[in-house]
Amino acid sequence: MKRYSAFAVAREAFRNHTGWERAWASPEPKKKYDVIIVGAGGHGLATAYYLGKNFGITNVAVLEKGWLGGGNTGRNTTIIRSNYLQDASAAIYEKARGLYENLSQDLNYNIMFSPRGVMMLAQTQAEVRGYERTAHANALQGVKTEYIGPQRVKQLVPIINIDGPRYPVLGAIWQARAGTARHDAVAWGYARACSDMGMHIIQKCEVTGIEQSGGKVTGVNTTRGSIGCDKLGVVVAGHSGHLADMAGFRLPIESVSLQALVSEPIKPCMDVVVMANTVHGYMSQSDKGEMVIGGGTDGYNNYTQRGAFHHIEETVRALVETFPMVARLKMLRQWGGIVDVTGDRSPILSKTPVDGMFVNCGWGTGGFKAIPGSGWGLAELMAKGHSPLTEAFGLNRFYEGRFIDESVAAGVAH
Ligand SMILES: Cc1cc2nc3c(=O)[nH]c(=O)nc-3n(C[C@H](O)[C@H](O)[C@H](O)COP(=O)(O)OP(=O)(O)OC[C@H]3O[C@@H](n4cnc5c(N)ncnc54)[C@H](O)[C@@H]3O)c2cc1C
């Protein structure tokens, strides 16, 4: 595949852009692959990429029932940070954040990583205590964060009202090297790199059954016929329960819709990401100028991949207290994605009761930030049978009561 470069852009400008190739191929499925990954979201594609890059395993197919990146990967609010509480979480999220820093160069695809800084506001005494504790834990883990006071918050985000009527801003946990990236580009960049290694990305190919023999996975049934494999990675976010059901076991996961919305584009007014977890809303400004706004999950399990009016009202009402300027904004679009939430708000990266079958799910409302680290870890687990990054996130933790409680770090969302 031809490399993207300033020279290539200049060359194509002179020949009317006729020389660009398709970013990834769309081949017919083969009868059998060494590895099949189900789900062409960020996590599935990253797993395939690191299988090839780190372990030389390239006889791989990534099967996607819709279009690649059309699930939560293309629907999120793109927040990337790594200031989680528990050591195992900090390790995998910080690995991911570190990989994001150079991902554009690694993939030769501009993913528009913008380390603009993320702050999580403390608006109750409980949050002050929680975030101070997280900042101390991060210091021990080697994750650079700091707890800042309200004046520094105001200095970094002048549009904030720190004397809010119900919840004044008491401080914040601030991670300066956290930020955002263009979510579609992350999926497209990994897909292009996988295709370049000879892997097959097969869209419009829904997995409808999992074939096994003597307790070992042998392949999948799909809407495009049966396809054999030696190893299977299931990376389907909110649909993980269905795939586990096909294989004959259950996952401790709930699927709920999480919604987001964007405003009309306005002039630059906020150059960091702010999350206000007490009032349940978070906001950043996109490169186009739209305010990107997210709220909490629906209060009941569902598979509704769309927005709902009451959410606009609840989320915007909450944000208006902290950002009075929001009251004058017109909202443009809203949407939803089906997220996969575990009881301890931590992911599952694990072997399963079916030999050769692995799952990567449970990222819930906050898995975009983890894509490179999660792909790295799952690829290692699938190739070698163990990975230091994924060890704590096995399914066995639910039998053993060894939870990785991230309800403070991942309480609202992201
Ligand atoms: C509104 C919203 C805002 C969010 N904001 C953030 C944020 O700011 N920061 C953050 O870190 N995270 C955020 N998230 C969470 C994040 O988007 C997800 O955790 C992450 O994208 C999950 O990626 P994935 O690859 O596991 O899943 P997905 O991107 O959902 O990919 C799974 C794929 O599997 C496919 N699939 C399902 N069933 C089958 C089948 N039977 N056969 C074949 N293919 C199948 C689906 O079509 C889908 O494309 C947000 C999510 C939403 C919905």
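Before reading on, note that the structure itself is shown above.
Keep in mind that this is a model prediction, so the values were computed, not measured.

Once that is clear, we can look at the environment of Trp335. Tracing the sequence through the fold places Trp335 in strand S16 (residues 331-341). Taking the C-alpha atoms as reference, Trp335 lies 26 Å from Ile159; in sequence the two are 176 residues apart. Among all residues touching Trp335, those that are not within four sequence positions of it are Arg75, Leu258, Gln259, Ala260, Leu261, Val262, Arg306 and Gly307. In terms of polar contacts, Trp335 uses its side chain to reach the backbone carbonyl oxygen of Arg75, at 2.6 Å.

This paragraph deals with the site of the ligand. In the vicinity of the ligand lie 37 residues, with Glu64, Asn72, Thr73, Thr77 and Lys369 positioned nearest. A distance of 3.2 Å separates an oxygen atom of the ligand from a polar atom in the side chain of Asn76. The backbone of Phe368 places a nitrogen or oxygen atom 3.0 Å from an oxygen atom of the ligand. Contributions of two or more residues to the shell around the ligand are made by helix H2 (42-55), strand S12 (254-265) and S16. Along the lines of polarity and charge, the residues of the shell around the ligand split into 14 nonpolar, 18 polar and five charged.

Now for the sheet that holds S12. Pairing is mixed in the open sheet, where eight strands are placed in the order S5-S6-S4-S13-S14-S15-S12-S16. Edge strands, defined here as strands with exactly one partner in the open sheet, are strand S5 (146-148) and S16. Neighbour-to-neighbour, the strand axes of this sheet turn through a mean angle of 20°, independent of strand direction. As defined by bridge partners, strand S13 (residues 273-276) adjoins strand S14 (residues 281-285) across three bridges and the pair is classed as antiparallel. Paired with Met275 across the strands is Tyr282, a residue of S14. Relative to strand S4 (residues 118-122), helix H5 (residues 125-141) is tilted by about 140°, and along the sheet it contacts S4, S5 and strand S6 (171-175).

Taking 1.5 Å as the rise per residue, helix H7 (residues 183-196) with 14 residues should run 20 Å; its terminal C-alpha atoms sit 20 Å apart, in good agreement. Three or more residues of H7 are buried, namely His183, Asp184, Ala185, Val186, Ala187, Gly189, Tyr190, Ala191, Arg192, Ala193, Cys194 and Ser195. Buried residues along H7 sit against H2, helix H3 (87-101), helix H4 (103-107), strand S8 (200-202) and helix H10 (371-384). Remark: Gly198 follows H7 within two positions and exhibits a positive phi of approximately 95°.

Take the packing of aromatic side chains next. Summed over all chains, the structure comprises 11 aromatic pairs. Considering the side-chain rings of Tyr4 and Tyr109, the 6.0 Å spacing of their centres and the 55° angle between planes classify their relative orientation as tilted. Within this pair, whereas Tyr4 is found in the segment before helix H1 (6-14), its partner Tyr109 is found in the loop between H4 and S4, the two being separated by 105 residues in sequence. The interplanar angle of 90° and the centroid separation of 5.8 Å between the aromatic rings of Tyr93 and Trp363 together place this pair among those described as edge-to-face. Note that Tyr93 is positioned in helix H3 and Trp363 in the loop between strand S18 (357-361) and H10, a separation of 270 residues in sequence. For the residue pair Tyr93 and Trp363, the accessibility class agrees, reading buried in each case. Residue placement shows Arg192 over the ring face of Tyr4; its charged tip is 3.6 Å from the ring centre.

What counts and how
- Residues numbered from 1 in each chain as written.
- Predicted model: local features only at pLDDT ≥ 70, side-chain atom pairs only at ≥ 80, totals over all residues.
- Heavy atoms only, no water.
- Helix = DSSP H or I, 4+ residues; strand = E, 2+ residues; numbered from the N terminus.
- Contact = heavy atoms within 4.5 Å.
- Polar contact = N/O pair within 3.5 Å; in protein donor to acceptor, adjacent residues only side chain to side chain.
- Near = heavy atom within 4 Å.
- Nonpolar A, V, L, I, M, F, W, Y, C, P; charged D, E, K, R; others polar.
- Pairing = 2+ DSSP bridges.
- Axes fitted to C-alpha atoms, helices over the stretch in contact; angles between N-to-C directions.
- Expected span 1.5 Å × (residues − 1).
- Buried < 20%, exposed > 50% of the residue type's maximum accessible area, 1.4 Å probe, protein only.
- Phe/Tyr/Trp six-rings, centres within 6.5 Å; stacked < 30°, edge-to-face > 60°.
- Lys NZ or Arg CZ within 6 Å of the ring centre and 35° of its normal.

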